Amino acid sequence: MCIRDRNYIVTNAVENILAAPKALKQEKRFVESANYGKTPAYLQRIKDQINGEYENIREMQMAEEEARAAEKFVMSPEELQQLREGLKKKWEAVNKEYQTITHIRNIDTQGLKRKKEECEKQLAQIEKDMEKLNKQYIFVNSNA
């Protein structure tokens, strides 16, 4: 038989029909593997690093908080009484000046208007300060 006489298409078809089927590759089932559901080691390392950084930040914050707490102290009752008396004297002086301005019938100049408004602001501020000093304990910051 000559090479030319052979029908390669038919021969190939017959061989493929009679051949045994190809074996399929077994797919890997990740569900059955030993590491299924476990956190990978590199993620665990990163998580540990992040937790270490958080711990360092917490320690630094606690150190700062302790330093701030060391700077504060309670004002003594004698100092508190002196401040209250000083504020009362200042309030009386500003109030006396305010009363002299308010008894003027016509406050027609800008200077008198400004002086009256300034006295009102000072009286309001002194009253706020006196209100703050009425608490039982007054903490003072040594750096301020």
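Now for a description of the structure that goes with this document. (Residues numbered from 1 in each chain as written. Predicted model: local features only at pLDDT ≥ 70, side-chain atom pairs only at ≥ 80, totals over all residues. Heavy atoms only, no water.)

What to know about the overall build of the protein
For the protein, the count of helices and strands is four helices and two strands. Listing the helices and strands of the protein from first to last along the sequence gives α-α-β-α-α-β. In terms of C-alpha radius of gyration, the protein reaches 46 Å, well past the compact-globule figure of 15 Å for 144 residues. Dimensions of the protein, computed from C-alpha atoms along their principal axes, come out at roughly 140 × 45 × 20 Å. In the protein, which comprises 144 residues, the share counted as buried stands at 8%. Taking the contacts inside the protein whose residues are at least 6 apart along the sequence as the reference set, 68% of them involve residues at least 24 apart. With an accessible surface of roughly 13500 Å², the protein has 54% of that area assigned to carbon and sulfur atoms. (Helix = DSSP H or I, 4+ residues; strand = E, 2+ residues; numbered from the N terminus. Rg over C-alpha atoms; globule rule 2.2 N^0.38 Å. Buried < 20%, exposed > 50% of the residue type's maximum accessible area, 1.4 Å probe, protein only. Contact = heavy atoms within 4.5 Å. Areas by Shrake-Rupley, 256 points an atom, 1.4 Å probe, with all protein chains shown as cover.)

Examining the nonpolar core
Counting eleven residues, the largest nonpolar core is built from Met75, Leu80, Leu87, Val94, Tyr98, Ile101, Cys119, Leu123, Ile126, Leu133 and Ile138. The set of elements that each furnish at least two residues to this core consists of helix 3 (77–102) and helix 4 (110–132). Among all residues touching leucine 133, those that are not within four sequence positions of it are Leu80, Leu83, Arg84, Leu87 and Ile138. (Core = buried A, V, L, I, M, F, W, Y, C linked by side-chain atoms within 4.5 Å.)

Let's talk about helix 3
Look at helix 3: 37 Å from first C-alpha to last across 26 residues, which is about the 38 Å you get at 1.5 Å a residue. Along helix 3, the residues classified as buried are Leu80, Leu87, Val94, Asn95, Tyr98 and Ile101. (Expected span 1.5 Å × (residues − 1).)

Description of the pattern of salt bridges
Under the defined criterion, the tally for this structure stands at three salt bridges. When the shortest N-O distance is used, the salt bridge between arginine 29 and glutamate 32 registers 3.4 Å. For arginine 29, a relative accessible area of 53% puts it in the exposed group. A salt bridge links glutamate 55 to arginine 58; its shortest N-O distance comes to 2.7 Å. Highlighted residues: glutamate 55 and arginine 58, both in helix 2 (residues 41–71), separated by three residues, approximately one helical turn. For glutamate 55, a relative accessible area of 36% translates into the label partly exposed. (Salt bridge = Lys/Arg side-chain N within 4 Å of Asp/Glu carboxyl O.)

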